[in-house]
Amino acid sequence: MKLSAGDVGVRPATEQDMQDIKCIASTYFLDTDGLEYNDFIVATLENRIIGIACFKDTECPELHTIAVHPNYKGKGIGALLIREIGSTLCKGQERIYVRTTAPGFFEKVGFVALENNMKKELWTDCAGCDRFNNCKQAVMRLELRREEYADNGNNQHL
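In this text, all values refer to a predicted model and were calculated from it rather than measured experimentally.

Conventions we followed
Residues numbered from 1 in each chain as written. Predicted model: local features only at pLDDT ≥ 70, side-chain atom pairs only at ≥ 80, totals over all residues. Heavy atoms only, no water. Helix = DSSP H or I, 4+ residues; strand = E, 2+ residues; numbered from the N terminus. Buried < 20%, exposed > 50% of the residue type's maximum accessible area, 1.4 Å probe, protein only. Contact = heavy atoms within 4.5 Å. Areas by Shrake-Rupley, 256 points an atom, 1.4 Å probe, with all protein chains shown as cover. Salt bridge = Lys/Arg side-chain N within 4 Å of Asp/Glu carboxyl O. Phe/Tyr/Trp six-rings, centres within 6.5 Å; stacked < 30°, edge-to-face > 60°. Lys NZ or Arg CZ within 6 Å of the ring centre and 35° of its normal. Arc of directions from axis to C-beta. Core = buried A, V, L, I, M, F, W, Y, C linked by side-chain atoms within 4.5 Å.

Q: How would you summarise the overall build of the protein chain if you had to cite specific residues and measurements?
A: Helix and strand content of the protein chain: five helices and seven strands. Start at the N end of the protein chain and walk to the C end: the helices and strands fall as β-α-β-β-β-α-β-α-β-α-α-β. Taking all 158 residues of the protein chain together, 39% fall into the buried category. In the protein chain, 65% of the contacts between residues at least 6 apart in sequence involve partners at least 24 apart. With the model as given, the accessible surface of the protein chain reaches about 9300 Å², and the carbon-plus-sulfur share is 46%.

Printed below as a string of structure tokens:
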């Protein structure tokens with residue numbers, strides 16, 4: 001199925017969306033404990049949730065969770081969610097960070113890899129982790145160039 005930009009909607013999650021959010025996240029073994037529905041945005045197609053993204057600004061501005069239903073991977077849904085996160089949830093931020101085991105995807109959408117030790121500076125759970133030297137998560141950063149994440153007047157983002 002080929003998708004166009006107009007086929008997929010992105011909106012803030014509602015409390016009723018949490019079951020679908022948890023289902024998509026669990027497909028990739030992503031933890032949603034402690035996350036609230038208002039931390040998420042969702043991508044929808046024909047009123048079905050096909051992608052999720054969560055931004056948290058606790059220790060550092062972090063793209064905490066992003067996942068796309070397996071049937072819709074490779075169709076630009078993840079990139080759409082990142083653009084929407086950058087234009088709505090990250091207002092006032094100059095950059096966002098991510099810890100990931102899928103750095104290739106994040107490089108495609110503009111993130112750059114950082115030195116592994118940066119995790120210790122950004123997250124206390126990394127600083128105190130006894131498995132830090134064996135950790136498979138890369139740390140990456142996206143510079144939010146405001147013009148790329150601004151609404152151009154017709155509600156279409158990059």
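Now, onward.
Q: Describe the pattern of salt bridges, and please don't skip the residues or the numbers.
A: Using the criterion set out here, one finds eight salt bridges in the structure. Of the charged contacts in the structure, one is a salt bridge between Arg11 and Asp17, with a shortest N-O distance of 2.6 Å. Judged by its relative accessible area of 31%, Arg11 falls in the partly exposed class. Its salt-bridge partner being Glu143, residue Arg95 comes within 3.3 Å of it at the nearest N-O pair. Here Glu143 lies in strand β7 (residues 138-143) and Arg95 lies in strand β5 (residues 95-100), a separation of 48 residues in the sequence. Overall, the relative accessible area of 30% leaves Glu143 in the partly exposed class. One connected set of salt bridges, linked through shared partners, spans Glu94, Arg95, Arg141 and Glu143.

Q: Mind laying out the packing of aromatic side chains, listing which residues take part and the relevant values?
A: For the coordinates displayed, the defined rule picks out two aromatic pairs. Both rings, one in Phe105 and one in Phe106, keep their centres 5.0 Å apart while their planes meet at 75°; by these two values the pair is edge-to-face. Ring geometry for Phe106 versus Phe111: centroids 5.1 Å apart, planes at 80°, classification edge-to-face. In this structure, Phe106 and Phe111 share a single accessibility class: buried. Grouped by ring-pair contacts, the aromatic residues Phe105, Phe106 and Phe111 constitute a single cluster. A cation sits over an aromatic face here: Arg99 above Trp123, 4.1 Å from the ring centre.

Q: Explain helix α1 (residues 18-27) to me, using residue names and the numbers behind them.
A: Met18, Ile21, Ile24 and Ala25 are the residues of α1 that are buried. Viewed end-on, α1 has its buried residues packed into an arc of 130°, placing them on one side of the element. Taken together, the buried residues of α1 touch β2 (40-45), β3 (48-57) and β4 (61-68). A positive backbone phi angle near 60° is found at Phe29, which sits one or two residues after α1.

Q: Help me get a handle on the environment of Leu81, residues and values and all.
A: Positionally, Leu81 belongs in helix α2 (residues 77-89). When residues no more than four places from it in sequence are discounted, the contact partners of Leu81 are Val10, Ile41, Val42, Ala43, Gly51, Ile52, Ala53, Ile66 and Ala67.

Q: Account for the nonpolar core, with residues named and values stated.
A: Across soluble globular proteins, nonpolar side chains have a tendency to be buried as a group. With 24 residues, the main nonpolar core has Leu63, Ile77, Ile82, Phe106 and Phe111 as its most contacted residues. Where this core is concerned, the elements lending two or more residues are β2, β3, β4, α2, β5 and β7. At five residues, α2 tops the list of elements feeding residues into this core. The residues contacting Phe111, other than those within four sequence positions of it, are Leu63, Ile82, Ile96, Tyr97, Val98, Phe106, Met140, Arg141 and Leu142. With twelve residues, the next largest nonpolar core counts Ala25, Leu35, Val42 and Ala67 among its residues.

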